[in-house]
Amino acid sequence: MIFIAVRFDVRPERSDDWLTLVEDFTRATRDEPGNLFFDWSRSVEDPNSFTLLEAFADADAGAAHVGSAHFRAGMEALAGAIATTPEIINVEVPGQGWSAMTELTPRG
């Protein structure tokens, strides 16, 4: 599995419409056969900071994503809304995704 975390610092005037801006890109990526997840979070400390957590089944799926038309269109759309170059972590992880957290289970 390829796991990627990307932090986006967004221009303040674009923060409130960021999730709308990335909506088509997000939907198209989630529809890719090799995508395992593609989830956005907004920082509770900085309303102009968004983090994307994404995973792909393997390196081929990741390469297909980066080579897609919707990836190119997404990068073009995002370039006008970011304040700085995004920071990224990209690692290969054994396994195929989520597993259960053993330290915590629901009560009641």
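Residues numbered from 1 in each chain as written. Predicted model: local features only at pLDDT ≥ 70, side-chain atom pairs only at ≥ 80, totals over all residues. Heavy atoms only, no water.

## Comments concerning the layout of surface pockets
No. 1: There is about 220 Å³ of room inside the largest pocket.
No. 2: Along the wall of the largest pocket there are 16 residues; nearest its centre are Ile 4, Val 6, Glu 54, Phe 71 and Ile 88.
No. 3: Those elements that place two or more of their residues in the lining of the largest pocket are strand 1 (2–9), strand 3 (49–56), helix 3 (59–66), helix 4 (69–79) and strand 4 (87–92).
No. 4: Across the lining of the largest pocket, the residue classes tally to 12 nonpolar, 3 polar and 1 charged. (1 Å grid on protein atoms, 1.4 Å probe; cavity = no way out; pocket = protein on both sides within 12 Å on 5 of 7 lines; lining within 4 Å. Points joined across faces, edges and corners; volume = space filled by probe spheres on them. Helix = DSSP H or I, 4+ residues; strand = E, 2+ residues; numbered from the N terminus. Nonpolar A, V, L, I, M, F, W, Y, C, P; charged D, E, K, R; others polar.)

## Focus: the packing of aromatic side chains
No. 1: This model, assessed by the stated rule, comprises 9 aromatic pairs.
No. 2: Arranged with centres 6.3 Å apart and planes meeting at 55°, the rings of Phe 3 and Phe 37 form a pair that is tilted. Here Phe 3 is found in strand 1, whereas its partner Phe 37 is found in strand 2 (residues 35–42), with 34 residues between them in sequence.
No. 3: Ring centres of Phe 38 and Trp 40 lie 6.2 Å apart, and the angle between their planes is 85°; on these two criteria the pair is classed as edge-to-face. (Phe/Tyr/Trp six-rings, centres within 6.5 Å; stacked < 30°, edge-to-face > 60°.)

## Here's the deal with the sheet that holds strand 2
No. 1: Pairing is antiparallel across the open sheet formed by 4 strands, whose spatial order is 2-3-1-4. Bordering the open sheet on either side are strand 2 and strand 4, each of which pairs with just one other strand. Along the sheet, successive strands turn relative to each other by an average axial angle of 10°, direction set aside.
No. 2: When strand 1 meets strand 3, the two strands line up antiparallel, connected through 8 bridges. Counterpart to Val 6 in the pairing with strand 3 is Leu 52.
No. 3: Its contacts with the sheet place helix 2 (residues 23–30) against strand 2 and strand 3, and it is angled at close to 155° to strand 2.
No. 4: Packing of helix 3 onto the sheet brings it into contact with strand 1, strand 2 and strand 3, and relative to strand 3 it is tilted by some 130°. (Pairing = 2+ DSSP bridges. Axes fitted to C-alpha atoms, helices over the stretch in contact; angles between N-to-C directions. Contact = heavy atoms within 4.5 Å.)

## A word on helix 2
No. 1: Here helix 2 has its buried residues at Phe 25, Thr 26 and Thr 29. The arc that holds the buried residues of helix 2, viewed along the axis, is 100°, so those residues lie on one side.
No. 2: In this structure, the buried side of helix 2 is in contact with strand 2, strand 3, helix 3 and helix 4. (Buried < 20%, exposed > 50% of the residue type's maximum accessible area, 1.4 Å probe, protein only. Arc of directions from axis to C-beta.)

## Digging into the packing of helix 2 against helix 4
In a packed pair of helices, the relevant descriptors are the angle between the two axes and the axis-to-axis distance.
No. 1: Remark: helix 2 packs on helix 4, axes separated minimally by 9 Å, with the N-to-C direction vectors making an angle of 155°. Of the possible angle classes, the one that applies to helix 2 and helix 4 is roughly antiparallel. Taken as a pair, helix 2 and helix 4 cross one another with a handedness that is left-handed. Within the contact between the two elements, helix 2 uses Phe 25, Ala 28 and Thr 29 and helix 4 uses His 70, Phe 71, Gly 74 and Met 75.
No. 2: Looking at the contact of helix 2 with helix 4 residue by residue, the class counts come to 4 nonpolar, 3 polar and no charged. (Parallel < 35°, antiparallel > 145°, perpendicular 65-115°, else oblique. Left-handed = near helix turned anticlockwise from the far one by under 90°.)

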